[in-house]
2 protein chains.
Amino acid sequence: MKHPDVTRQTRTDAGLAAVLRVAVGRLARRLRAQRPDASLSLGQGAVLFALARLGKMTPGALAEHEKVQPPSMTRIIAALEERGLVHRMKHPDDKRQQLVELTDEGHRLVRTDRRRREAWLTQRLTELTPEEKATLRKAAEILERLSQS
Amino acid sequence: MKHPDVTRQTRTDAGLAAVLRVAVGRLARRLRAQRPDASLSLGQGAVLFALARLGKMTPGALAEHEKVQPPSMTRIIAALEERGLVHRMKHPDDKRQQLVELTDEGHRLVRTDRRRREAWLTQRLTELTPEEKATLRKAAEILERLSQS
DNA sequence: GCGATATCGTTAGCAAAAGTAATGAGTCAT
DNA sequence: ATGACTCATTACTTTTGCTAACGATATCGC
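In this report, the structure presented in the accompanying data block is examined.

So, how was this worked out
- Residues numbered from 1 in each chain as written.
- Chains lettered and ligands numbered in written order.
- Predicted model: local features only at pLDDT ≥ 70, side-chain atom pairs only at ≥ 80, totals over all residues.
- Heavy atoms only, no water.
- Near = heavy atom within 4 Å.
- Polar contact = N/O pair within 3.5 Å; in protein donor to acceptor, adjacent residues only side chain to side chain.
- Helix = DSSP H or I, 4+ residues; strand = E, 2+ residues; numbered from the N terminus.
- Nonpolar A, V, L, I, M, F, W, Y, C, P; charged D, E, K, R; others polar.
- Core = buried A, V, L, I, M, F, W, Y, C linked by side-chain atoms within 4.5 Å.
- Buried < 20%, exposed > 50% of the residue type's maximum accessible area, 1.4 Å probe, protein only.
- Contact = heavy atoms within 4.5 Å.
- 1 Å grid on protein atoms, 1.4 Å probe; cavity = no way out; pocket = protein on both sides within 12 Å on 5 of 7 lines; lining within 4 Å.
- Points joined across faces, edges and corners; volume = space filled by probe spheres on them.

### As for the protein's contact with DNA strand C
The environment of DNA strand C is made up of 21 residues, and the closest members are Gln69 and Lys95 of chain A together with Gly60, Arg88 and Arg96 of chain B. A share of 65% is what sugar and phosphate atoms reach among the atoms of DNA strand C within 4 Å of the protein. Separating a base oxygen of DNA strand C from a side-chain N or O atom of Arg96 of chain B is a distance of 2.8 Å. If you list the elements that add at least two residues to the surface near DNA strand C, you get α5 (70-82) of chain A together with α4 (59-66) and α5 (70-82) of chain B. Its residues assigned to classes, the surface near DNA strand C shows 5 nonpolar, 8 polar and 8 charged.

Shown next, in the form of structure tokens:
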């Protein structure tokens, strides 16, 4: 066993937290580095993904959803809009706000890019046993929830 | 159910990869933002943690372990050394190399800080059911492996 | 042995991405 | 209708990582 410590250390909540924190940080770096082309930053990809999943949203809602400050979201949206992947529309009820929405090209990119962008991770996943994948499937939902709480 | 899509999307490896990628990225940001004081960056903490777990290592080994380029590790180590948490020693067999080791203060910080630094995540974990924690415990080991493959 | 080549850590310079503070437009409650 | 608040943006700074180049040491081929 390569890391006997892992199982030992995850006995307690704090130990599990420690291991999770490090693993998540490292995996995030790894995924960033693994990005095949620089076409889309990690954050940009996440926003497209969120819009595809949740439909049109305001910049503020996107910022909160992605756990980023509003100015960062402004930048991400600007970059996506410049590439025609997203477009802004006035919020019908509140002129301060806007609604951000995927363009057709944005939808297309999400679909085609999803496979390409996740190629590395997908490949790693195919190397896992079905049980491990089942674990990750359940864990994904939990991590999802943790990241938003 | 807040995100019915999650379970649907994770049916395929690619879908699971997509969800994992986004969740991991967001959780990493979240953890970074949650850092209680700015005392230790995420990377610095990870290095201390690795040294505590694996003993003395060379900078190169640390860099590879943390999936970071050597110059980045140089900087992290320099910051840690400046604070007296770590110290370098010559490698006995190879004068090119060094060995990095926790100082007593480093060990102390790892111990006391571990709890404080993971407080947020630990708190979130206590809110989970035992089954969910068991899932995360198994998942942590898998993520650990993924991040290093 | 010794010269070419490779490896290790570092330095220097740079780029990406996110954060904070300040600003302008719009809304809302009194 | 005005004062306080909210949303998005702009300007600036910080963080964090990268690549390229370099100096010191080790190793390999001869």
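### What to know about the nonpolar core
As a rule of thumb, soluble globular proteins bury nonpolar side chains together. Among the nonpolar cores identified, the biggest contains 46 residues, and Leu125 and Leu136 of chain A together with Leu125 and Leu136 of chain B are the most heavily contacted of them. For this core, the secondary-structure elements that each account for two or more residues are α2 (13-34), α3 (42-54), α7 (119-126) and α8 (130-148) of chain A together with α2 (13-34), α3 (42-54), α7 (119-126) and α8 (130-148) of chain B. Beyond its immediate chain neighbours, meaning those up to four positions away, Leu136 of chain A contacts Leu125 and Leu128 of chain A together with Leu16, Leu20, Ala139, Ile142, Leu143 and Leu146 of chain B.

### What to know about the layout of surface pockets
Space inside the largest pocket adds up to approximately 310 Å³. As for the largest pocket, its lining consists of 14 residues, and the residues nearest its centre are Lys67 and Val68 of chain A together with Gly25, Arg29 and Arg32 of chain B. At the level of elements, α2 and α3 of chain A together with α2 of chain B are the ones that each hand at least two residues to the lining of the largest pocket. Of the residues forming the lining of the largest pocket, the biggest block, 6 residues, is contributed by α2 of chain B. Residues that form the lining of the largest pocket fall into these classes: 5 nonpolar, 4 polar and 5 charged.

### Some remarks on the protein's contact with DNA strand D
Around DNA strand D sit 24 residues, and of these Gly60 and Arg88 of chain A together with Gln69, Arg75 and Lys95 of chain B come closest. Among the atoms of DNA strand D lying within 4 Å of the protein, the sugar-phosphate backbone contributes 63%. In this structure, Thr74 of chain A approaches DNA strand D through a side-chain N or O atom, which is 3.0 Å from a phosphate oxygen. At 2.6 Å, a backbone N or O of Lys95 of chain B approaches a phosphate oxygen of DNA strand D. Contributing elements (two or more residues each) for the surface near DNA strand D: α4 (59-65) and α5 of chain A together with α5 of chain B. Among the elements that take part in the surface near DNA strand D, α5 of chain A stands out by supplying 4 residues, more than any other. Of the residues assigned to the surface near DNA strand D, the class counts are 5 nonpolar, 8 polar and 11 charged.

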